[in-house]
Amino acid sequence: GVRMKIEQLEFLIEVVKAGSINAASKKIFISQQSLNQSLRNLEDEIGFPLLNRTKKGVTLTERGREVFSAAQAIVARYDQMLRQISALKEDSTEVISGKMNVHTSPMISVCILPVVYVDYKHNFPKVQLFCQERYQDDIVKEVSEHPGDVGYVLVANTLHHFFDKIPSNVELSLLNTYPIYMAMSPRHPLARQHTLSLQSIKDYPLIIYEAGGIQGEHALQSEVDMHILLSTNNTNMTKELLNEGNALMYSYPPYVTRGAFPECVHIPLHTKNIFFELYMVHNKDANQQQRRLIDSFSSIFQQYI
């Protein structure tokens, strides 16, 4: 197989830019003989000539032009990787330590939080992290009372009174929006549908696994009157009820990609103006050290949403 080196590709680029082996050798401080030999070795490995060599200088052969174009892309990507490694080294010299409470909605804690936690502890071993699963109003209350805490809330855009009650010292930062799915048993009458309408779901009981909090409010309550079978954050109860009956439960794309509730079928709901929003909840009065902890966690968190 071909085992070309980055250095050979860099040499090829320099020679083509300079227009001659002689000019390139002076620019990159290498003997003309060594440079020529390196390019000959590259051509031998590839199996066809890359350069037309004349007394006036060099030009690319037809096939050489394709290799040259690919070489430029590879070297650019390689340089970018070196810059990233250099930035990571600088970052890692600054050890972040401290304690932080992270509050998350149950729908986030069941699928996104576990992978974020493992990645974060690997990158920031000196930080003590305490994770609590809470309903949305409680998350806002905790962050409002403790400036060093951070929260992640999944909430339907239709629950206006949630947004109306945000205290002045708390800020919500929108991280993502998701279409609403419905999860159900594979034996459910709707399980073979590709999409669901509000009309098609209204006669089935609803399990609220968090989306509207403990009061049993839910994303579609302004649109469709559904019988609420259970409002809970107990995963096992939810799974049992979904498995044995005709109940439906709110779902969203991370459930599918992260394998939460894998025994269920997850089907998107066809509604244009109702969706889930994922917010970071943070306190405006957080000091610099608290902000650094929150930012360090959020930078990892946002890679998994």
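Report follows, based on the coordinates. (Residues numbered from 1 in each chain as written. Predicted model: local features only at pLDDT ≥ 70, side-chain atom pairs only at ≥ 80, totals over all residues. Heavy atoms only, no water.)

**A short note on helix 3 (residues 32–46)**
Stated precisely, the cut-off is as follows: For helices the rule is a DSSP run of H or I covering at least 4 residues; for strands it is a run of E covering at least 2, with both sets numbered from the N terminus onward. What a helix is expected to span follows from its residue count: subtract one and scale by 1.5 Å. Summary of the burial criterion: residues with accessible area below 20% of their type's maximum are buried, those above 50% are exposed, and those between are partly exposed, where the area comes from a 1.4 Å probe applied to protein chains only. By arc we mean the arc of the directions from the helix axis to the C-beta atoms, nothing more.
Taking 1.5 Å per residue as the helical rise, helix 3 with its 15 residues ought to reach 21 Å, and the 21 Å between its terminal C-alpha atoms agrees with that figure. Among the residues making up helix 3, those that are buried are Leu35, Ser38, Leu39, Leu42, Glu43 and Ile46. Across the axial projection of helix 3, the buried residues extend over an arc of 135°, all falling on one side. Exposed residues pointing more than 90 degrees away from the buried face of helix 3 are listed as Gln33 and Asp44. In the segment just after helix 3, glycine 47 is the residue with positive phi, at about 105°.

**Quick look at helix 7 (residues 136–145)**
We apply this condition: Contact between two residues is taken to exist if any of their heavy atoms lie within 4.5 Å; hydrogens are not considered.
Gln136, Ile139, Val140, Glu142 and Val143 are the residues of helix 7 that are buried. The arc that holds the buried residues of helix 7, viewed along the axis, is 165°, so those residues lie on one side. Against strand 3 (98–104), strand 5 (150–156), helix 8 (160–164), strand 6 (170–178) and strand 12 (276–283) lie the buried residues of helix 7.

**Describing the sheet that holds strand 3**
Hydrogen bonding along the main chain pairs the strands of a sheet, whether they run parallel or antiparallel. As a reminder, the rule being used: Two strands form a pair only when DSSP identifies at least two bridges running between them. To define axes, lines are fitted to C-alpha atoms, for helices over the stretch in contact only, and angles between the resulting N-to-C directions are given on a 0 to 180 degree scale.
In space, the 5 strands of this open sheet follow the order 4-3-5-12-6, with mixed pairing throughout. The open sheet terminates on both sides in strands that have one partner only, identified here as strand 4 (127–133) and strand 6. Averaged over all adjacent pairs, the angle separating strand axes in this sheet is 20°, with direction ignored. Sheet topology places strand 3 next to strand 4; 7 bridges connect them, and they run parallel. Its bridge partner lying in strand 4, threonine 104 is registered against glutamate 133. Strand contacts of helix 7: strand 3, strand 5, strand 6 and strand 12, with the helix running at about 150° to strand 5, the strand carrying the most contacts. Running over the sheet, helix 12 (residues 288–301) touches strand 3, strand 4, strand 5, strand 6 and strand 12 and is turned about 50° from strand 3.

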